[in-house]
Amino acid sequence: MEEEEGPLGVGPGLQEPLQLGELDITSDEFILDEVDVHIQANLEDELVKEALKTGVDLRHYSKQVELELQQIEQKSIRDYIQESENIASLHNQITACDAVLERMEQMLGAFQSDLSSISSEIRTLQEQSGAMNIRLRNRQAVRGKLGELVDGLVVPSALVTAILEAPVTEPRFLEQLQELDAKAAAVREQEARGTAACADVRGVLDRLRVKAVTKIREFILQKIYSFRKPMTNYQIPQTALLKYRFFYQFLLGNERATAKEIRDEYVETLSKIYLSYYRSYLGRLMKVQYEEVAEKDDLMGVEDTAKKALSRFFSKPSLRSRNTIFTLGTRGSVISPTELEAPILVPHTAQRGDQRYPFEALFRSQHYALLDNSCREYLFICEFFVVSGPAAHDLFHAVMGRTLNMTLKHLESYLADCYDAIAVFLCIHIVLRFRSIAAKRDVPALDRYWEQVLALLWPRFELILEMNVQSVRSTDPQRLGGLDTRPHYITRRYAEFSSALVSINQTIPNERTMQLLGQLQVEVENFVLRVAAEFSSRKEQLVFLINNYDMAF
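Residues numbered from 1 in each chain as written. Predicted model: local features only at pLDDT ≥ 70, side-chain atom pairs only at ≥ 80, totals over all residues. Heavy atoms only, no water.

Note the cut-off: UniProt positions are given in the numbering used here, feature names are shortened, and annotations may be inferred rather than shown by experiment.
The name an unreviewed UniProt entry assigns to the protein chain is Vacuolar protein sorting-associated protein 52 homolog, from the organism Tupaia chinensis. Under the Subcellular location (unreviewed entry) heading, UniProt states for the protein chain: "Golgi apparatus, trans-Golgi network". Note on the protein chain: under the UniProt heading Sequence similarities (unreviewed entry), the record states "Belongs to the VPS52 family."

Printed below as a string of structure tokens:
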């Protein structure tokens, strides 16, 4: 017996409410258009379209669908019942996993808390480490300063033994003396800062300093006194002193009174030695000069016969040839590079060999010795006495001043009676070259001396040239006796003399010399014209002028 169908063909076993969406049939605002929308949407369904096309009865089709749904539901229930154990097991597993995950969450939370505390501890350790590093650096700095202070103040036994017992010439005495000087300087510096520990070592250092000063003073004074021994080469002990130049530096820093005493003793001793040596050398050197020297009548315009008559009248030896006064010959070699710095002349050797020299050769030997010794002395003073500049210049002149003054006075005395213009001019060029050598050796202490020497030589040279000019100017051709057309002796003398001066002057040109020669040339030209006028024949006048101009110009 079939059950009675309900409304819309739904069986009694499938009493489900009709799904009308959000259709509100109680609302007064119900709109039929919405129903059309739902119907239209259902008509779009593929199954509905298929059913409408085949003409299936919808109520029958609905029952068939409900029946299929029931079967599927029953099958699903049976499948669920069959899998209930697995589902229960899965449920238990999920529950267990939740418990495990919960414990892991708790563990991770605790770990995170531990990490936070560890990070805080690390920051604390970092701060403590930084503070410890700062304290370490501070302690190391303090340790270094204290170590330096202690090392500077402590007086080792080796220092005491060396200063008290070792000879000053031993290397260990010099080494420990330098150590003593450094400690004394360190103690003075610390005393200025108010370091109380300096009082503990001040007495020991003072006694060592006094002992060292005493030994050094005796040693240096003995070296200085050894200069005074006759026939002593003072350069040997002077060179030995340079090896101990620190001794004077020690005295200068620790006992200035003793340093001044030593310096004064050195100046006094060397000043006397140099003065005695150069006075003796100069005296013996002048004994090997040519006996026949130019006199005031040995001028360009003075006739040979007049000079010979005067010599016979006064019974004086005359020059073998007055031409040597106006001729350079081999005398110019004295300013050549090889001869200029040749070894100095030895007077007693020259006397034994009966050798004689012109004044310029003696002048070169004397001033080369002066140059060489002055350069050595200046460099020694700068190095040993630790001076430079004006102080070195003053100390040098304290040692060499008396010698230089004595040399200037001797030169001035000699030049007062010197009429050899070539000799004086050669001396001028010797000085110019020696001044250049002193500049190359970086010894400026002789600059003033060279200027003083030139201040004596130049006026004398100009005076001699002026005397020769005046002698030519005052020569009367009518008093010369017989005339011939050959070159006059005054022309020959002028030609040789001017050639000599030009030859000397070309190495170091000097405009002053050329001006003086120009004045002499004018007077000689005038003299030649005056002599030519004495000839009665024009031909003789021209021949005389040609011969003399050819000789002189």
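Back to the write-up after that little detour.
## Focus on the overall build of the protein chain
The test is simple: Helix and strand definitions follow DSSP, with helices as H or I runs of at least four residues and strands as E runs of at least two, each counted in order from the N terminus. Exposure classes here rest on a 1.4 Å probe applied to the protein chains alone. A residue is buried below 20% of its type maximum, exposed above 50%, and partly exposed in between. The criterion used for residue contact is that any of the two residues' heavy atoms lie within 4.5 Å. Computed with a 1.4 Å probe, the accessible areas rest on the Shrake-Rupley method; for each residue, only the protein chains presented here act as cover.
A tally of helices and strands in the protein chain yields 21 helices and 0 strands. The buried share of the protein chain, reckoned over its 553 residues, is 35%. Once local pairs closer than 6 in sequence are excluded, the contacts in the protein chain between residues at least 24 apart make up 77%. Carbon and sulfur atoms form 54% of the exposed surface of the protein chain, whose accessible area is close to 33,900 Å².

## Quick look at helix α20 (residues 511–532)
What counts is decided by this rule: Given a helix with a known number of residues, its expected span is that number minus one, times 1.5 Å.
Helix length check: α20, at 22 residues, gives a terminal C-alpha distance of 31 Å against a target of 32 Å (1.5 Å per residue), a fit within 8%. Buried within α20 are the following residues: Thr513, Leu516, Leu517, Leu520, Glu523, Val524, Phe527, Val528, Val531 and Ala532. Residues of α20 that are buried make contact with α17 (421–440), α18 (447–473), α19 (489–505) and α21 (538–552).

## Some thoughts on the side chain of serine 365
Considering the arrangement of structural elements, one finds serine 365 in helix α15 (residues 359–384). Using a relative accessible area of 0% as the deciding quantity, one classes serine 365 as buried. Sequence-distant contacts of serine 365, defined by excluding residues within four places in its chain, comprise Tyr281, Leu285, Ile344 and Leu345.

## Some points on unusual backbone geometry
With the exception of glycine, most residues fall at negative phi, and the peptide bonds are largely trans. Despite not being glycine, valine 386 has its phi angle at roughly 55 degrees, a positive value. In this structure, valine 386 sits in the loop between α15 and α16 (390–415). The phi angle at aspartate 442 is positive, at roughly 60 degrees, despite the residue not being glycine. Along the chain, aspartate 442 turns up in the loop between α17 and α18.

## Regarding the nonpolar core
Note the threshold: For our purposes a nonpolar core is just a set of buried Ala, Val, Leu, Ile, Met, Phe, Trp, Tyr and Cys residues, chained together by side-chain atoms within 4.5 Å.
Counting 119 residues, the largest nonpolar core has Ile220, Leu457 and Phe461 as its most contacted members. Examining the composition of this core, we find that 13 residues originate from one element, α17, more than from any other. Once you skip the residues sitting within four places of it in the chain, phenylalanine 461 turns out to touch Ala421, Val424, Phe425, Ile428, Leu501 and Leu516. Listed in part, the 8 residues of the second largest apolar core include Tyr281, Val288, Ala361 and Leu362.

## Thoughts on the environment of histidine 393
Positionally, histidine 393 belongs in helix α16. Considering only alpha carbons, one finds histidine 393 and cysteine 382, 11 residues apart in sequence, at a separation of 9.2 Å. Once residues within four sequence positions are removed from consideration, histidine 393 is found in contact with Tyr378, Pro444 and Ala445.

## As for the packing of α18 against α20
The test is simple: A fitted line through C-alpha atoms serves as each axis, taken over the contacting stretch for helices, and the angle formed by two N-to-C directions is quoted from 0 to 180°. Put simply, angles under 35 degrees are roughly parallel, angles over 145 are roughly antiparallel, angles from 65 to 115 are roughly perpendicular, and the rest are oblique. Polar here means any residue outside two lists: the nonpolar Ala, Val, Leu, Ile, Met, Phe, Trp, Tyr, Cys and Pro, and the charged Asp, Glu, Lys and Arg; Gly therefore counts as polar.
Viewed as axis vectors pointing N to C, α18 and α20 meet at an angle of 10 degrees, and their least axial separation amounts to 9 Å. Classified by the interaxial angle, the pair formed by α18 and α20 is roughly parallel. Touching Trp458, Phe461, Glu462, Leu465, Glu466, Asn468, Val469, Val472 and Arg473 of α18 are Arg512, Thr513, Leu516, Leu517, Gln519, Leu520, Glu523, Val524, Phe527 and Arg530, all from α20. Of the residues in the contact of α18 with α20, the class split is 10 nonpolar, 3 polar and 6 charged.

## So, the pattern of salt bridges
In plain terms, the rule: Within this document, salt bridges are pairs made up of a side-chain nitrogen of Lys or Arg and a carboxyl oxygen of Asp or Glu, the two lying within 4 Å of each other.
The tally for this structure, following the rule as stated, stands at 17 salt bridges. A salt bridge links glutamate 360 to arginine 331, with the nearest nitrogen and oxygen atoms 2.7 Å apart. Residue glutamate 360 is located in helix α15, and its partner arginine 331 is located in the loop between α12 (323–326) and α13 (337–340); the two are separated by 29 residues in the primary sequence. No difference in accessibility class separates glutamate 360 from arginine 331, as the two residues are buried. In this structure, glutamate 523 engages arginine 473 in a salt bridge whose closest nitrogen and oxygen atoms are separated by 3.1 Å. Within this pair, whereas glutamate 523 is found in helix α20, its partner arginine 473 is found in helix α18, the two being separated by 50 residues in sequence. The class of arginine 473 is partly exposed, set by a relative accessible area of 37%. Residues joined by salt bridges that share partners form a network here, namely Glu341, Asp372, Arg376 and Arg441.

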